[in-house]
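What the coordinates show
Listed below are the residues making up each chain.
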Amino acid sequence: MAERLIVVGGDAAGMAAASQARRRRSRDDLEIIAFERGHFTSYSACGIPYWISGLVADREQLVARDPATFRESYDIDVRVRHEVVAIDLNRREVIAMDLDGGAEVREPFDTLMYATGAVPAKPAWAHTDGAGVFGVQTLDDGSALREWLDADPPPRRAVVVGGGYIGVEMAEALVLRGLSVTLVERDEQPMSTVDPDMAQLVTNAMRGLGVTIRTGVKVTALSERDGRICEVVTDDGPIPADVVILGLGVRPNTALAEAAGLPLGPTGGIRVDRRMRVTGMPGVWAAGDCVETLHRVSGMPVHVPLGTHANKQGRVAGINIGGGYATFAGVIGTAVTKVCDLEVGRTGLRERDALAAGFEFVSVIAESTNRAGYYPGARPMTVKLIAERPSGRLLGAQIVGWSEAAKRIDTLAVALWNRMTVDDMTALDLGYAPPYAPVWDPVLVAARKAVDALAPR
Ligand SMILES: Cc1cc2nc3c(=O)[nH]c(=O)nc-3n(C[C@H](O)[C@H](O)[C@H](O)COP(=O)(O)OP(=O)(O)OC[C@H]3O[C@@H](n4cnc5c(N)ncnc54)[C@H](O)[C@@H]3O)c2cc1C
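These numbers come from a predicted model, not from an experiment. (Residues numbered from 1 in each chain as written. Predicted model: local features only at pLDDT ≥ 70, side-chain atom pairs only at ≥ 80, totals over all residues. Heavy atoms only, no water.)

A word on a positive patch on the surface. A surface patch of like charges, here positive, comprises Arg23, Arg24, Arg65 and Arg315. Look at Arg65 and you get partly exposed, because its relative accessible area is 31%. (Patch = residues over 30% accessible without salt bridge, like charges linked within 9 Å, V, L, I, M, F, W, Y side chains within 5 Å. Areas by Shrake-Rupley, 256 points an atom, 1.4 Å probe, with all protein chains shown as cover. Salt bridge = Lys/Arg side-chain N within 4 Å of Asp/Glu carboxyl O. Lys, Arg positive; Asp, Glu negative; His and termini not counted. Charge placed at Lys NZ, Arg CZ, Asp CG, Glu CD. Buried < 20%, exposed > 50% of the residue type's maximum accessible area, 1.4 Å probe, protein only.)

Right under this line is the structure:
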């Protein structure tokens, strides 16, 4: 008789695992059932801001593989609109609710793949009966927002609460749709994924785009009129709003896991080993935004909810479930985003992370350009490097600039992954031609500056 794999969560991590397991094991050997509480499978949440802005025309373009494709081409029994409400590890069964029919379904499993993603933070003040308050965690969330924005007459005033990269991307999307946008951030800067000196450049770009940025401001309540949101109340006065986007960060979605007795780590994510096996739980695997992982520079457990990791981790889990061997090597926190044409990249540790991990370090900021200064389209590029003192090992890097800035972070990510020193980096053989870089690439300029900063005084 075939073994049975049950997948909880039908997006990046869950369906990557299911597909990989299927590649290695036939239907006769492994039956696969995937429960997804939403309407979609294998969609790109990362693409939601670009669909909201109108840059991506159709929602369907964000769906890599729909349930029918999984059924027909992968022989995976995908059940959308089914929410798993309990996992019984003793009986080895899951209990799911059919969200449309209301019926309870019980399905036994031999192997469980837990891939429920993350839950957006929703403080007490965000709970309101007024319509018009949205998160953008799933494609269903994005669809609800899009419907609200497409109403006639459309909303005119948007407030984005939270200035992480999702808040920043959503603010831009709403400006592009023609809304007047205010971004409210409790800290002194939005974009706390980079150091404040680099975040200032992002703040300036957002203001240039027409976004009103209110920093150091706390939201205390949401007011409604006639069942619709009308105002965001803050400790610095009210802000009128026809639509509110919550971008307050996420935490691992572990409620079911906890109830089932799966172990959580210090970050709140599920504890897994390098093969994505849940620690101490035979036959149970987890991947994606619901797990914690190892930061290769700080050596600490971290929760870094990014699609790039969810896909890789899901693939690793699936290969192992399929009888192969694969490991996930940890993360260094590489991420990129943009505000209009301004690109932002980061990898490794920020200054505060390096301090928290106990490193001694220098940090330098180098100003350069994306192309040879005389070449049309040359624009400023700012590179920040953080290097251990006295070894010179690269600990972190951030880049803000125009075209070719964001993906330059990959050069630095590879250097960091391979534990290069800034001295080694000054000799890197990087490509040069006037349309693509100055003769001294901004990465090399920054590395040289870091070497100077490390020189004994
Ligand atoms: C707006 C936005 C932009 C982003 N941009 C980027 C980017 O540019 N780059 C990047 O690397 N990452 C980005 N991310 C993050 C990335 O989308 C996530 O890291 C990735 O989707 C995580 O995949 P996952 O499979 O772990 O979780 P999810 O994609 O969240 O999938 C989990 C699924 O499980 C389902 N589920 C949860 N509980 C249950 C249950 N009990 N029963 C059944 N189903 C359940 C959910 O409905 C969901 O579909 C972005 C995220 C958002 C929201």
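Attention now goes to helix H10 (residues 409–417). For H10, the set of buried residues is Ile409, Leu412, Ala413, Ala415 and Leu416. Buried residues in H10, looked at end-on, bunch into an arc of 160 degrees, giving them a common side. Tucked inside the fold, the buried residues of H10 contact strand S21 (335–339), strand S22 (342–348), strand S24 (380–388), strand S25 (394–401), helix H11 (422–425) and helix H12 (442–454). (Helix = DSSP H or I, 4+ residues; strand = E, 2+ residues; numbered from the N terminus. Arc of directions from axis to C-beta. Contact = heavy atoms within 4.5 Å.)

Attention now goes to helix H4 (residues 139–149). Every buried residue belonging to H4 is among Leu139, Gly142, Ser143, Leu145, Arg146, Trp148 and Leu149, and all of these are buried. For H4, the secondary structure elements touched by its buried residues are helix H2 (48–53), strand S9 (133–134), helix H5 (165–176), strand S14 (228–234) and strand S16 (243–246).

Using the criterion set out here, one finds one cavity of 30 Å³ or more in the structure. Taken as a whole, the largest cavity encloses approximately 50 Å³ of empty space. Lining the largest cavity, in full, are Gly288, Asp289, Val291, Thr293, His303, Val304, Pro305, Leu306, His309, Ala310, Gln313 and Val331. Top element by residues in the lining of the largest cavity is helix H8 (residues 307–321). It accounts for three residues. (1 Å grid on protein atoms, 1.4 Å probe; cavity = no way out; pocket = protein on both sides within 12 Å on 5 of 7 lines; lining within 4 Å. Points joined across faces, edges and corners; volume = space filled by probe spheres on them.)

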